[in-house]
Amino acid sequence: MQTPKKIAIVGSGLVGSLLAIFLRKAGHEVEVFDRRKDIRNVEFSGRSINLAMSNRGWKSLRAAGIEDEIKKLALPLDKRAMHVNDKPVYFQKYGKEEEAIYSISRGVLNRKMITLAEDAGTTFRFEEKVWDIDLAEAKLYTGESEKGEWKEYQFDLIFGADGAFSRVRHKMQRQSRFNYSQHFINVGYKELSIAPNPDGSHKLDNASFHIWPRGEFMLIAMPNLDGSFTCTLFMPFEGENSFESIKTETDADLFFQKHFPDINQEIENLKKDFFKNPTSSMVTIKCYPWSYWEKVTLVGDSAHAIVPFYGQGMNAGFEDILVLSQKMKKHGDDWESIFEEYQKARKPNTDAIAELSYRNFIEMSSKTADTDFLLRKKIENWFSTKHPETWVPLYSRVTFSDKPYAEALAIGDYQRKIMDEVMEIPGIERKWDSLEVENKILKLLDNKPAFSV
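On a predicted model such as this, the values are computed, not experimentally measured, just so you know.

## Structural notes on the domain arrangement of the protein
The accessible area lost on association of the parts is a frequent measure of interface size.
Thinking step 1. Looking at the protein, the domain boundaries give domain 1 (6-44 + 106-181 + 285-360) and domain 2 (370-446).
Thinking step 2. Computed over C-alpha atoms, the centres of domain 1 and domain 2 are 38 Å apart.
Thinking step 3. With 13 residues of domain 1 in contact, the opposing surface of domain 2 contributes eleven residues.
Thinking step 4. Carbon and sulfur atoms supply 60% of the area that domain 1 and domain 2 bury against each other, a total of about 990 Å² over both sides.
Thinking step 5. The interface formed by domain 1 and domain 2 holds one salt bridge in total.
Thinking step 6. We note a salt bridge from Arg-359 to Asp-413, for which the minimum N-O separation is 2.7 Å.

## Focus on helix α9 (residues 313-331)
Thinking step 1. When the terminal C-alpha atoms of α9 are compared, their 27 Å separation across 19 residues agrees well with the 27 Å that a helix rising 1.5 Å per residue should span.
Thinking step 2. Taking burial as the measure, the 19 residues of α9 include 14 buried ones, the bulk of the element.
Thinking step 3. Where α9 ends, the next residue or the one after it, Gly-332, has phi of about 60 degrees, a positive value.

## Remarks on the pattern of salt bridges
Thinking step 1. Taken as a whole, this structure holds 37 salt bridges when the rule is applied.
Thinking step 2. Between Asp-273 and Lys-276 there is a salt bridge, with the nearest N and O atoms lying 3.9 Å from each other. Separated by three residues within a single helix, Asp-273 and Lys-276 lie in helix α7 (residues 267-276), roughly one turn from each other.
Thinking step 3. Its relative accessible area of 4% is what places Asp-273 among the buried residues.
Thinking step 4. What makes Lys-276 exposed here is its relative accessible area of 57%.
Thinking step 5. The network of salt bridges with shared partners includes Asp-78, Lys-79, Lys-93, Glu-97 and Asp-205.

## Considerations on the layout of surface pockets
Thinking step 1. The space that makes up the second largest pocket amounts to roughly 760 Å³.
Thinking step 2. Lining of the second largest pocket is provided by 28 residues; of these, Glu-363, Phe-373, Lys-377, Glu-380 and Leu-394 occupy positions nearest its centre.
Thinking step 3. Elements with a minimum of two residues in the lining of the second largest pocket: β6 (90-93), α10 (335-365), α11 (371-386), α12 (394-399) and α13 (405-422).
Thinking step 4. Take the lining of the second largest pocket: its biggest share by element is seven residues, from α11.

## A few points about the UniProt feature "domain: FAD-binding" (unreviewed entry) in the protein
Thinking step 1. Within this numbering scheme, the UniProt entry marks residues 7-354 as carrying the feature "domain: FAD-binding" (unreviewed entry).
Thinking step 2. Within residues 7-354, the helical portion is 32% and the strand portion 28%, while the C-alpha atoms at the span's ends are 29 Å from each other.

## So, the packing of aromatic side chains
Thinking step 1. According to the stated counting rule, one finds 26 aromatic pairs in the structure shown.
Thinking step 2. Look at Tyr-395 and Phe-400: their rings are 6.0 Å apart centre to centre, the planes differ by 70 degrees, and that puts the pair in the edge-to-face class.
Thinking step 3. Overall, Tyr-395 belongs to the buried group, its relative accessible area being 15%.
Thinking step 4. One aromatic cluster is present, built from ring pairs that chain together Phe-217, Phe-237, Phe-243, Phe-255, Phe-256, Phe-260, Phe-274 and Phe-275.
Thinking step 5. A cation over an aromatic ring shows up here: Lys-190 above the ring of Phe-274, its NZ or CZ 4.9 Å from the ring centre.

## Regarding the nonpolar core
Thinking step 1. Of all hydrophobic cores here, the largest spans 65 residues; its most connected members are Ile-70, Leu-140 and Phe-159.
Thinking step 2. Ranked by residues supplied to this core, first place goes to helix α1 (residues 14-25) with eight residues.
Thinking step 3. Residues in contact with Ile-70, not counting those within four places in the same chain, are Met-53, Trp-58, Leu-61, Ile-104, Leu-109, Lys-112, Met-113 and Leu-116.
Thinking step 4. By size, the runner-up hydrophobic cluster in this structure holds 34 residues, among which are Tyr-189, Ile-306, Phe-309 and Phe-361.

## Some remarks on the sheet that holds strand β15 (residues 208-213)
Thinking step 1. The sheet built from seven strands is open, its strands ordered β6-β5-β15-β16-β17-β14-β18 with mixed pairing. For this open sheet the edge positions go to β6 and β18 (279-280), each flanked by a neighbour on one side alone.
Thinking step 2. Both strand β14 (residues 187-194) and strand β17 (residues 229-236) contribute to a ladder of eight bridges, which runs antiparallel. The residue of β17 that forms the bridge with Glu-191 is Thr-232.

Scoring rules and cut-offs
Residues numbered from 1 in each chain as written. Predicted model: local features only at pLDDT ≥ 70, side-chain atom pairs only at ≥ 80, totals over all residues. Heavy atoms only, no water. Domains from an automatic or database assignment. Contact = heavy atoms within 4.5 Å. Buried area = accessible area lost by both parts, 1.4 Å probe. Salt bridge = Lys/Arg side-chain N within 4 Å of Asp/Glu carboxyl O. Helix = DSSP H or I, 4+ residues; strand = E, 2+ residues; numbered from the N terminus. Expected span 1.5 Å × (residues − 1). Buried < 20%, exposed > 50% of the residue type's maximum accessible area, 1.4 Å probe, protein only. 1 Å grid on protein atoms, 1.4 Å probe; cavity = no way out; pocket = protein on both sides within 12 Å on 5 of 7 lines; lining within 4 Å. Points joined across faces, edges and corners; volume = space filled by probe spheres on them. UniProt positions renumbered as here; feature names shortened; annotations may be inferred. Phe/Tyr/Trp six-rings, centres within 6.5 Å; stacked < 30°, edge-to-face > 60°. Lys NZ or Arg CZ within 6 Å of the ring centre and 35° of its normal. Core = buried A, V, L, I, M, F, W, Y, C linked by side-chain atoms within 4.5 Å. Pairing = 2+ DSSP bridges.

Written out as structure tokens, the structure is:
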């Protein structure tokens with residue numbers, strides 16, 4: 001048991017709300033500060049990407065005792081649906097029969113998480129802007145404006161869960177030997193939607209993650225419980241096919257008709273959302289250390305924002321909280337050791353998922369429609385079905401297990417080299433499931449290095 005502390009969390013998002021639940025269960029007094037209005041009382045902003053809850057997220061929610069409540073908000077997706085022009089829709093199973101990711105609306109989930117944290121005894125202070133933090137004294141200063149009058153709050157501990165552009169991290173960046181980097185990709189995103197049928201049913205298969213891969217850009221769609229789909233258009237900011245190039249409704253009509261003909265009946269709705277919703281950017285943020293002595297630490301996007309192409313941003317943030325809670329149980333009142341072990345355990349893994357997420361954009365937007373890529377995946381799935389203990393595909397290792405991300409990256413790189421050799425076998429497209437290919441992979445696996453991560 002820990003001695004009860006007075007703890008502040010800056011940020012009422014998914015990770016901050018989950019952290020509040022864990023801290024309350026450990027007996028601490030918890031106050032959550034957020035500059036925004038209570039999301040339960042406002043309309044959604046039109047800048048969301050539906051979330052894909054997978055094993056790591058569910059494991060963290062299970063430990064918090066709220067998995068069953070959240071499952072009611074989610075739809076299981078066991079496959080990708082690939083929409084390639086001039087071809088029928090084809091499906092790629094994610095993994096084994098029981099393996100699925102779960103589509104869940106960010107706004108719906110956030111509302112529920114705040115309510116669950118409140119039910120656990122957390123105090124939320126919405127529309128209270130944090131302008132400064134005294135790291136050494138664990139004090140917060142809030143007010144209407146940066147130049148106006150501030151109110152001081154004293155705490156024992158402060159957690160920064162306030163996202164990629166964290167105010168808490170900004171203060172930590174002024175400390176000596178604090179390393180920080182941010183990298184924006186030249187692709188932005190815009191939220192679109194597909195409405196349900198008049199009877200409330202889904203217009204597309206509701207057990208699939210839908211992808212329209214188009215090379216430099218792509219559209220994805222994930223189902224919601226109400227029969228709608230939340231779509232996200234990922235596209236360069238500038239260039240031939242870009243957000244900049246679509247200036248008028250005519251431009252939008254031509255763009256959607258040309259590139260997404262199988263959802264032609266949705267163009268009016270997609271076009272309306274295109275001009276109504278903002279275009280958002282995507283950034284990878286890395287920093288270290290995440291903690292200031294035993295007083296302040298960062299969690300989730302505040303410590304490691306990543307691009308969304310592996311569907312692991314929320315899952316990685318939730319895993320932060322699970323690891324942190326494990327260190328709390330291990331070290332009791334020794335918060336300096338808790339924070340030190342937490343950041344050392346998480347940093348290599350969040351760096352790894354940042355790299356994997358960036359790579360997956362390339363795979364999703366262009367390679368998923370490539371014949372050689374599809375053959376590689378077919379061979380991998382065939383071999384892993386025959387040798388499940390020997391070969392776990394990278395996607396499954398990331399999404400359907402809780403093994404370290406860093407291990408998944410290292411093993412995935414090794415598997416890619418093996419598959420490069422396999423694809424060089426003459427006539428591989430004819431004998432991809434032959435004994436010759438099976439023995440070749442087994443022989444190459446004999447030289448497998450030890451992965452120390």
